[in-house]
Amino acid sequence: MDKTIKFYSKRPASGSEDVIKHNKELANSGWRTTQDQDQFLMNETKLPWHKDRLLAWTKDKNNASLVPLHIDMGIATGCNLACHFCYGVVQARTGFQGTQGAMEFMPLDTIINTFRDAKEIGVKSIALIGEGENTLNPNLYPALNYAKSIDLDVSLATHGASIRNTHYQTLLDSLSWLRINISAATPESYKNVHQRPWFDKVINNTVGLLNYRDKNDIRLNNGEKCTIGYQMVLTHRNFADIISLSALAVELGLDYLVIKACSDTPEGSLDAPSHEYLELKEEFSIAESLSTERTKIIVRWEKLGNLGNKSYKTCYGTRFIIAISGNGNVFPCGHWFNIEKDRFLMGNVNMTSFKDLVKSQTYINSQQEILRLDLRSCESNCRQHQVNSFLDQINQIDNPMEFVDKLLESSPPKHLNFI
C-alpha cells in the first residue's frame with residue numbers, strides 16, 4: 001500500500017542556519033582527523049570529473065531531462081537476510097523478515113536491454129544495489145558478462161553469503177568494485193546485527209574472492225583489478241566492533257573498509273544514531289590509523305557528523321543519480337520505492353525501454369516534483385547527499401566552473417564513473 005510522507009517536525013529545516021552552524025562548528029573542532037585515506041573519494045563526489053554534465057546543469061538547473069550519470073539498480077526485490085538497519089525492510093521488501101510473497105527477479109532480457117540503453121544514452125555507471133540481494137537472481141551472471149562485452153562500468157553491493165565460488169571469475173572480471181556489507185566483527189555480533197549466523201560464510205567468500213583475484217591476476221577490460229571492500233553501517237548495536245572490524249579487514253587484505261552512518265526514514269523507523277556518532281571520534285581515528293598500503297580504513301566523517309540533517313534546501317542530485325527497483329520500477333531515488341508512487345514513479349523498464357523512459361514527460365514531471373520537496377521528508381544521509389552538498393556549494397560561487405577546474409588539477413580518484 002502506498003504511504004504518505006511523514007517526518008519529524010522537530011528536525012531543523014534543510015539548509016537552515018542551525019544546520020549550517022552545526023557543520024561549521026564541527027569542521028572547526030577538527031572533527032575529521034585525516035583526509036588521505038579516501039582514495040575513492042567516498043567523503044566527497046566525483047561529479048567535477050564529469051564537467052560536461054555539470055556545465056549543462058549550471059546553465060539550466062531546472063532542466064529535468066538531463067541523462068543521469070549513474071543508476072543504482074536492483075534486480076531482486078527480496079533478501080535472505082534482514083540486517084536490522086536495512087532500508088529495504090521498512091520498504092516492505094519480500095524475503096526473510098520481509099512481507100509475505102515471493103521475491104521478484106528481474107528478467108535477463110530486461111537487465112540486458114536496460115544496460116544497453118543506459119550505455120547508449122550516456123549513463124556512465126550502474127551499481128547493482130537495491131532493496132534486495134542481487135546475487136539471488138541467477139540472471140546476474142549472464143548480465144555481468146553482457147556488461148563486460150559492451151564495456152559498461154558496473155559494480156555490486158552484496159551481503160556476500162550467497163556467492164558461489166563457481167561465479168568468482170564472472171564477478172571479478174566484470175565488476176569495477178564488489179562491496180560486502182558486513183557490519184560486525186564476530187559471529188555473535190554478526191547474528192545480532194544481520195539476523196542470521198552467516199559470519200563464517202561471509203569471511204570464507206571474502207578470502208576466496210581475494211585469493212582467486214590475486215592468484216589468477218583477474219583483470220577488467222581497462223586492466224584494473226576489481227576492488228573488493230567491506231562496508232560497515234554503524235548502528236547502536238555495533239559501536240564496539242569499529243576497531244576490531246577494521247583490524248579484521250587489514251588481516252584479510254581487503255582493499256578497504258568504509259565506516260558509514262545509518263540512513264534513516266523521515267520518521268526515524270530505524271532508530272539511527274545521530275549525536276552518538278560525535279562521541280566516537282577517538283574510535284574512528286584509531287580505526288583509520290590501522291590502514292596499510294594495501295588496506296584503507298575510510299571513515300565517512302561528514303555523514304557521521306551531520307546529525308542526519310541537510311545543509312542544502314533543494315535536491316538536484318536525482319538529475320545525476322536515479323534508482324531502479326528489482327521489479328523494474330524507476331524512481332528519482334530509492335527512498336520512493338514504497339512511498340507516494342503516484343507522484344514519483346517514472347515508469348517500469350519491464351514495459352518501457354529505459355531510453356524512451358528517460359525522454360518521457362512522466363520522467364520530467366517526477367524530476368520536477370523532487371524540487372518541491374521539504375527535504376525532511378527524505379531519508380537521512382541519502383544516496384544523493386554528497387552530490388547535493390557539492391551542487392549547493394558551487395551554486396553559491398560566481399564562477400563555479402573555475403572552481404571545478406581547480407579541483408580537476410588534482411589526480412582523479414578511483415572508480416571515476418561512480419559519482
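Above this note sits the structure.
Let me sum up the structure you'll find in this document. Quick caveat, the model's predicted, so the values are computed rather than measured. (Residues numbered from 1 in each chain as written. Predicted model: local features only at pLDDT ≥ 70, side-chain atom pairs only at ≥ 80, totals over all residues. Heavy atoms only, no water.)

### Section: the overall build of the chain
For step 1, the next point in the chain: Tallying secondary structure elements over the chain gives 17 helices and 12 strands in all.
For step 2, the next point in the chain: The C-alpha atoms of the chain give 20 Å as radius of gyration, which agrees with the globular expectation for 419 residues (22 Å, within 12%).
For step 3, the next point in the chain: The principal-axis extents of the C-alpha atoms in the chain amount to approximately 50 × 50 × 45 Å.
For step 4, the next point in the chain: When burial is assessed residue by residue, the chain has 56% of its 419 residues classed as buried.
For step 5, the next point in the chain: Long-range pairs, those at least 24 residues apart, make up 78% of the contacts in the chain with a sequence separation of at least 6.
For step 6, the next point in the chain: A total accessible area of about 17,400 Å² is found for the chain, and carbon and sulfur atoms account for 47% of it.
For step 7, the next point in the chain: In the chain, which carries 45 positive and 48 negative side-chain charges, the distance between the mean positions of the two groups comes to 2 Å. (Helix = DSSP H or I, 4+ residues; strand = E, 2+ residues; numbered from the N terminus. Rg over C-alpha atoms; globule rule 2.2 N^0.38 Å. Buried < 20%, exposed > 50% of the residue type's maximum accessible area, 1.4 Å probe, protein only. Contact = heavy atoms within 4.5 Å. Areas by Shrake-Rupley, 256 points an atom, 1.4 Å probe, with all protein chains shown as cover. Lys, Arg positive; Asp, Glu negative; His and termini not counted. Charge placed at Lys NZ, Arg CZ, Asp CG, Glu CD.)

### Brief notes about helix α4 (residues 108–121)
For step 1, the next point in the chain: For α4, spanning 14 residues, the distance from its first C-alpha to its last is 20 Å, which sits close to the expected 20 Å at 1.5 Å a residue.
For step 2, the next point in the chain: If you check which residues of α4 are buried, you get Thr110, Ile111, Thr114, Phe115, Asp117 and Ala118.
For step 3, the next point in the chain: Contact partners of the buried residues in α4: β1 (70–73), β4 (125–128), α5 (140–149), β5 (153–158), β10 (321–324) and α14 (354–359).
For step 4, the next point in the chain: A positive phi of about 110° marks Gly122, the residue just after α4. (Expected span 1.5 Å × (residues − 1).)

### Focus on unusual backbone geometry
For step 1, the next point in the chain: Located in the positive-phi region is Asp271, a residue other than glycine, with phi close to 50°.
For step 2, the next point in the chain: Although it is not a glycine, Leu307 sits at a positive phi angle of roughly 60°.
For step 3, the next point in the chain: You can see Leu307 is positioned in the loop between α12 (301–305) and β10.
For step 4, the next point in the chain: Given the relative accessible area of 16%, Leu307 is considered buried.

### A closer look at the packing of helix α2 (residues 51–59) against helix α17 (residues 400–407)
For step 1, the next point in the chain: The geometry of α2 relative to α17 is characterised by a closest axis approach of 11 Å and an angle of 165° between their N-to-C directions. When the axes of α2 and α17 are compared, the pair comes out roughly antiparallel. The two elements α2 and α17 cross, and the hand of that crossing is right-handed. Contacts between α2 and α17 involve Lys51, Leu54, Leu55 and Thr58 on the former and, on the latter, Pro400, Met401, Val404 and Asp405. (Axes fitted to C-alpha atoms, helices over the stretch in contact; angles between N-to-C directions. Parallel < 35°, antiparallel > 145°, perpendicular 65-115°, else oblique. Left-handed = near helix turned anticlockwise from the far one by under 90°.)

### Notes on the pattern of salt bridges
For step 1, the next point in the chain: Taken as a whole and judged by the stated rule, the model has 16 salt bridges.
For step 2, the next point in the chain: In this structure, the salt-bridge partner of Arg32 is Glu44, at a minimum N-O distance of 2.9 Å. You can see Arg32 sitting in the loop between α1 (17–28) and α2 and its partner Glu44 sitting in the loop between α1 and α2, a full 12 residues away along the chain.
For step 3, the next point in the chain: Glu44 sits in the partly exposed class, given a relative accessible area of 37%.
For step 4, the next point in the chain: Here Asp217 ties to Arg219 by a salt bridge, and the two come within 3.0 Å at their closest N and O atoms.
For step 5, the next point in the chain: Looking at Asp217, the relative accessible area reads 40%, which means it is partly exposed.
For step 6, the next point in the chain: We classify Arg219 as partly exposed; its relative accessible area is 39%.
For step 7, the next point in the chain: The network of salt bridges with common partners includes Arg213, Asp214, Asp217, Arg219, Lys225, Asp255 and Arg294. (Salt bridge = Lys/Arg side-chain N within 4 Å of Asp/Glu carboxyl O.)

### Re the pairing of strand β6 (residues 175–181)
Two faces make up the sheet, and in a regular strand the side chains alternate between them.
For step 1, the next point in the chain: The buried fraction of β6 is high, at seven of seven residues.
For step 2, the next point in the chain: Examined bridge by bridge, β5 and β6 share five bridges and lie parallel to one another. Residue pairing for β6: Thr158 is matched across the bridge by Ile180.
For step 3, the next point in the chain: Here β6 runs beside strand β7 (residues 227–234); their pairing, made up of five bridges, is parallel. Bridged to Ile180 within β7 is Tyr230. (Pairing = 2+ DSSP bridges.)

### Digging into the state of the cysteines
For step 1, the next point in the chain: Taken as a whole, this structure holds zero disulfides when the rule is applied.
For step 2, the next point in the chain: You can see Cys226 has no disulfide; the closest cysteine sulfur is in Cys79, sitting 20 Å from it.
For step 3, the next point in the chain: The thiol of Cys382 is unpaired, and the distance to the nearest cysteine sulfur, on Cys315, comes to 6.0 Å.
For step 4, the next point in the chain: Owing to a relative accessible area of 10%, Cys382 belongs among the buried residues under this scheme. (Disulfide = S-S within 2.5 Å.)

### Focus on the packing of aromatic side chains
For step 1, the next point in the chain: Enumeration over the complete set of coordinates arrives at 11 aromatic pairs.
For step 2, the next point in the chain: Summarising the aromatic geometry, the rings of Phe40 and Tyr256 are spaced 5.1 Å apart at their centres and angled 55° between planes, so their arrangement reads as tilted. Here the residue Phe40 occupies a position in the loop between α1 and α2, and Tyr256 occupies one in strand β8 (residues 256–261), the gap between them amounting to 216 residues.
For step 3, the next point in the chain: Using a relative accessible area of 2% as the deciding quantity, one classes Tyr256 as buried.
For step 4, the next point in the chain: Pairwise contacts between aromatic rings join Trp31, Phe284 and Trp301 into one cluster.
For step 5, the next point in the chain: Stacked on the ring of Trp57, the Lys or Arg Lys61 has its end atom at 5.0 Å from the ring centre. (Phe/Tyr/Trp six-rings, centres within 6.5 Å; stacked < 30°, edge-to-face > 60°. Lys NZ or Arg CZ within 6 Å of the ring centre and 35° of its normal.)

### Thoughts on the nonpolar core
For step 1, the next point in the chain: Ranked by size, the top nonpolar core spans 80 residues in total, and within it Met73, Phe115, Ile126, Leu171, Tyr230, Ile259 and Phe284 carry the most contacts.
For step 2, the next point in the chain: Top contributing element to this core by residue count: α5, with six residues.
For step 3, the next point in the chain: Not counting residues within four places of it along the chain, the set of residues in contact with Phe284 comprises Trp31, Leu234, Ile242, Ile259, Tyr277, Val299, Trp301 and Leu304.
For step 4, the next point in the chain: Core analysis: the next-biggest nonpolar cluster, separate from the first, contains 15 residues, Trp57, Leu66, Tyr316 and Phe320 among them. (Core = buried A, V, L, I, M, F, W, Y, C linked by side-chain atoms within 4.5 Å.)

### Quick look at α2
Because each turn of an α-helix spans 3.6 residues, side chains separated by three or four positions end up pointing in the same direction.
For step 1, the next point in the chain: Listed as buried for α2 are Arg53, Leu54, Trp57 and Thr58. Within α2, the buried residues cover an arc of 140° as seen down the axis, which keeps them to one side. Of the exposed residues in α2, those oriented more than 90 degrees away from the buried face are Asp52 and Lys59.
For step 2, the next point in the chain: In this fold, the buried residues of α2 make contact with α16 (385–395) and α17. (Arc of directions from axis to C-beta.)

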